[in-house]
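Structural overview
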Amino acid sequence: SSSRIVSFGSHIYTLGVLVQSNFGRRRELSLCGVPLGPLLLEDNPLADYCSSSSSSSANPQSLTEGAGSLIAVLATDAPLLPGQCKALARRGGLGVA
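Residues numbered from 1 in each chain as written. Predicted model: local features only at pLDDT ≥ 70, side-chain atom pairs only at ≥ 80, totals over all residues. Heavy atoms only, no water.

Glancing now at the sheet that holds strand 1 (residues 2–8). Ordered in space as 1-2-5, the three strands form an open sheet in which the pairing is antiparallel. Each end of this open sheet is capped by a strand with a single partner; those strands are strand 1 and strand 5 (69–76). In this sheet, adjacent strand axes meet at a mean angle of 15° when their direction is disregarded. Pairing between strand 2 (residues 11–22) and strand 5: eight bridges, direction antiparallel. By the bridge assignment for strand 5, L15 is matched with T76. (Pairing = 2+ DSSP bridges. Helix = DSSP H or I, 4+ residues; strand = E, 2+ residues; numbered from the N terminus. Axes fitted to C-alpha atoms, helices over the stretch in contact; angles between N-to-C directions.)

Okay, the pairing of strand 1 next. When you tally the buried positions in strand 1, you get zero out of seven residues, a small fraction of the element. Across seven bridges, the pairing between strand 1 and strand 2 is antiparallel. Residue pairing for strand 2: I5 is matched across the bridge by T14. (Buried < 20%, exposed > 50% of the residue type's maximum accessible area, 1.4 Å probe, protein only.)

One can find R4 in strand 1. Residues R4 and L15, spaced eleven residues apart in sequence, show a C-alpha to C-alpha distance of 5.2 Å. Here the side chain of R4 touches S2 through a polar contact of 3.2 Å, side chain to side chain. (Polar contact = N/O pair within 3.5 Å; in protein donor to acceptor, adjacent residues only side chain to side chain.)

Our focus in this paragraph is the confidence of the model for the chain. Per-chain confidence: the chain averages 80 in pLDDT, with 76% of residues scoring 70 or above. In the model of the chain, helix 1 (residues 37–40) stands out as the element of lowest mean pLDDT, 84, in contrast to strand 1, which has the highest, 92. (pLDDT = per-residue confidence, 0-100.)

So, about a nonpolar patch on the surface. Together, V19, F23, L70 and V96 give the surface a local cluster of nonpolar side chains, amounting to about 330 Å² of exposed area. Mapped onto the fold, V19 is located in strand 2. When its relative accessible area of 36% is taken as the criterion, V19 is described as partly exposed. (Patch = residues over 30% accessible without salt bridge, like charges linked within 9 Å, V, L, I, M, F, W, Y side chains within 5 Å. Areas by Shrake-Rupley, 256 points an atom, 1.4 Å probe, with all protein chains shown as cover. Salt bridge = Lys/Arg side-chain N within 4 Å of Asp/Glu carboxyl O.)

To continue, consider unusual backbone geometry. Here the phi dihedral of C32 falls at roughly 55°; this positive angle occurs in a residue that is not glycine. Mapping C32 onto the fold places it in the loop between strand 3 (30–31) and strand 4 (34–35). Among the residues examined, C32 registers a relative accessible area of 81% and is labelled exposed.

With that settled, the discussion passes to the environment of N22. Turning to its location among the elements, N22 is positioned in strand 2. Look at N22 and you get partly exposed, because its relative accessible area is 47%. With 47 residues separating them in the primary sequence, N22 and S69 have C-alpha atoms 5.1 Å apart.

In structure tokens form, the structure reads like this:
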């Protein structure tokens, strides 16, 4: 998460960003420094769908091992127009790259 305070004239606005990411291989999972991934290798509900040799472009239903997801929520109290909201949303992904 991150936030910024922006002054514009006599007004002060806040922009906040919350990111939830899910990346990596199952065997790399750790919690508070404890390696849990090796304990979960036998119990992989996606084992039939994940393959390091599969290509997502060849089969859109297949998942490549280590594939993940990312959700970013941007919030502000600044009075933005719809086009400005769209521009802000497009730039949200750049902060992750």
